[in-house]
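Coordinate analysis (summary)
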Amino acid sequence: MPSQGLGLAPRLRYLAGRARRIDVGSVFERAKESAQQHGKWTPAVLVDMLWSAGFRQVGFQDYVDYDFAILRRDERATYMTHPVSNQLSQKYDHPDFRHVFQDKVEFDRVFSEHLHREWLVVEEGNAEAVRAFAQKHGTIVTKEPVGQAGTGVHRYHAAEIADWAEFHRGLLERGELLIEEVIRQHADLAAVCPGTVNTTRVTAFFDGETTHILAMAQKFGRGAVSDQMTFGGFYTMLDENGHAVGPGYDSHAHVHERHPDSGFVIADFQLPLIDEVKAFVDRVARVVPQVQYVGWDIVVTPEGPVLVEGNWGAGVYENKPSVTGIRTGHKARYRAAIGF
């Protein structure tokens, strides 16, 4: 695909926005963390971090997460970063259709046939329907329509609810307006963490004809309602065959060779039904073709993949050299598919 470029104006707007919001203390702490981890001099790392942000489109947390302090310039150039990903989102995700992905209720409506689970919208006067739904499924998940990184997601057990009118009123007051059936994950995922539904993030680009899978990351929880890092979760990158490339890690300097609760060796993980996963991503990518660059969160069940959500601001999941020994990222795959 010929190079289309990302344009200077969006990049300058992004940098200006970052400059206005910069937290100097936070940047220094990140530089200090990276320097201590890799045996570097903090002032040198701080200067390098600021230079990388200003001239190489490297987010401050990208610098820490992907061990840029120990990478050569040519190795750094192979990594996708959040500023570049943001530009892709702005260019290839049409603003008139982003609301489908931002509103979880609207998302469930549009992608209903790909969810493979029951769901219900909480409204005035449907307390009885909420009770029937919860008692039918035993355990339910509620979501606030707008949220990210796992915020606004809650889990309830019907047996623990005594007053359904009060429960219904509480959902409305807290804005937990979407109720979903809990997903039953594949045994291979449950073997790692049975208490959390463990999602696979598949970042993909639909060019109008072909769906290109750019990167895959497997997230694992710690028994909470979500596998996001805010709930103690972590991830490992997967290769093209769905096999883990190394131990798990997060953005808080935690490395997990084994799952802390189950003891499962993360590097041994193999995503089941990988061919079905790739075909499934191709199908969902065609539902709203105007939003081309998406981070899809899916779960593999015994019957096949199901959709959790799609993120039009796809974010970035990448290799961590100090953990995996892999000193290159996925940027070449992005460029080959998208042409920038």
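Refer to the structure presented above.
Residues numbered from 1 in each chain as written. Predicted model: local features only at pLDDT ≥ 70, side-chain atom pairs only at ≥ 80, totals over all residues. Heavy atoms only, no water.

Overview of the overall build of the protein
Scanning the protein from terminus to terminus reveals 15 helices and eleven strands. Its C-alpha radius of gyration of 21 Å places the protein within 12% of the 20 Å reference for a compact globule of 340 residues. Every one of the 340 residues in the protein was classed for burial, and the buried ones make up 50%. Residue pairs at least 24 apart in sequence account for 63% of intrachain contacts in the protein once pairs closer than 6 positions are excluded. Of the roughly 15400 Å² of accessible surface on the protein, 52% is carried by carbon and sulfur atoms. Here the protein carries 36 positive and 44 negative side-chain charges, and the mean point of each set is 8 Å from the other. (Helix = DSSP H or I, 4+ residues; strand = E, 2+ residues; numbered from the N terminus. Rg over C-alpha atoms; globule rule 2.2 N^0.38 Å. Buried < 20%, exposed > 50% of the residue type's maximum accessible area, 1.4 Å probe, protein only. Contact = heavy atoms within 4.5 Å. Areas by Shrake-Rupley, 256 points an atom, 1.4 Å probe, with all protein chains shown as cover. Lys, Arg positive; Asp, Glu negative; His and termini not counted. Charge placed at Lys NZ, Arg CZ, Asp CG, Glu CD.)

Considerations on the sheet that holds strand β1 (residues 119-121)
An order of β1-β4-β2-β3 is seen for the four strands of this open sheet, with the pairing classed as antiparallel. A single partner strand is all that each edge strand has here, and the edge strands are β1 and β3 (153-157). Taking the axes of each pair of neighbouring strands and ignoring which way they run, one obtains an average angle of 25 degrees across the sheet. Examined bridge by bridge, strand β2 (residues 139-143) and strand β4 (residues 178-181) share four bridges and lie antiparallel to one another. Pairing of Lys143 across the sheet is with Leu178, part of β4. Set on the sheet, helix α11 (residues 164-174) makes contact with β2, β3 and β4; between it and β3 the angle comes to about 175 degrees. (Pairing = 2+ DSSP bridges. Axes fitted to C-alpha atoms, helices over the stretch in contact; angles between N-to-C directions.)

Notes on the packing of helix α2 (residues 24-38) against helix α3 (residues 42-55)
Closest axis-to-axis distance for the α2/α3 pair is 8 Å, and the angle between their directions is 120 degrees. Classed by the angle they form, the pair α2 and α3 counts as oblique. Two packed elements cross with a definite hand, and for α2 against α3 that hand is right-handed. In this structure, α2 uses Val27, Phe28, Arg30, Ala31, Lys32, Ser34 and Ala35 to contact α3, whose residues at the interface are Thr42, Val45, Leu46, Met49 and Leu50. When its residues are assigned to classes, the contact of α2 with α3 shows eight nonpolar, two polar and two charged. (Parallel < 35°, antiparallel > 145°, perpendicular 65-115°, else oblique. Left-handed = near helix turned anticlockwise from the far one by under 90°. Nonpolar A, V, L, I, M, F, W, Y, C, P; charged D, E, K, R; others polar.)

Quick look at helix α13 (residues 274-285)
Between its terminal C-alpha atoms α13 stretches 17 Å, which fits the 16 Å expected from twelve residues at 1.5 Å a residue. Buried residues of α13: Ile274, Val277, Phe280, Val281, Val284 and Ala285, and no others. All buried residues of α13 fall inside an arc of 130 degrees around its axis, so they share one side. Contacts made by the buried residues of α13 are with α9 (112-115), β5 (200-206), β6 (211-220), β10 (293-301) and β11 (304-311). (Expected span 1.5 Å × (residues − 1). Arc of directions from axis to C-beta.)

Here's the deal with the packing of aromatic side chains
Enumeration over the complete set of coordinates arrives at 17 aromatic pairs. Note on Tyr66 and Tyr79: the rings are 5.7 Å apart at their centroids and 25 degrees apart in plane angle, and the pair reads as stacked. One end of the pair, Tyr66, is in the loop between α4 (60-65) and α5 (73-76); the other, Tyr79, is in the loop between α5 and α6 (82-92), and 13 residues separate them in sequence. With respect to burial, Tyr66 and Tyr79 carry one shared label: buried. (Phe/Tyr/Trp six-rings, centres within 6.5 Å; stacked < 30°, edge-to-face > 60°.)

Points about the pattern of salt bridges
Taken as a whole and assessed by the stated rule, the structure comprises 18 salt bridges. Note that Asp48 and Arg76 form a salt bridge whose closest N and O atoms lie 2.6 Å from each other. Highlighted residues: Asp48 in helix α3 and Arg76 in helix α5, separated in sequence by 28 residues. Given a relative accessible area of 22%, Asp48 falls into the partly exposed group. A relative accessible area of 17% means that Arg76 is categorised as buried. Put simply, Lys104 and Glu309 hold a salt bridge, and the shortest N to O gap is 4.0 Å. Of this pair, Lys104 sits in helix α8 (residues 104-110) while Glu309 sits in strand β11, and the two are 205 residues apart along the sequence. (Salt bridge = Lys/Arg side-chain N within 4 Å of Asp/Glu carboxyl O.)

Brief notes about the pairing of β10
For a regular strand, the rule is simple: side chains alternate between the two faces of the sheet. Judged by how many residues are buried, β10 sits mostly within the fold: nine of nine residues are covered. A two-sided burial pattern is seen for β10, the buried positions comprising Tyr293, Gly295, Asp297, Val299 and Thr301 on one face and Val294, Trp296, Ile298 and Val300 on the other. Examined bridge by bridge, β5 and β10 share six bridges and lie antiparallel to one another. Across the sheet, the residue bridging to Thr200 is Ile298, located in β10. Looking at chain direction, β10 and β11 are connected through seven bridges and run antiparallel. Bridge pairing in β11 places Ile298 opposite Leu307. Connecting the antiparallel pair β10 and β11 is a turn made up of two residues.

Comments concerning the pairing of strand β7 (residues 234-238)
The buried fraction of β7 is high, at five of five residues. Side chains of β7 alternate between two faces, with Phe234, Thr236 and Leu238 and Tyr235 and Met237 buried alike. As paired strands, β6 and β7 are joined by five bridges and run antiparallel to one another. By the bridge assignment for β7, Gln218 is matched with Thr236.

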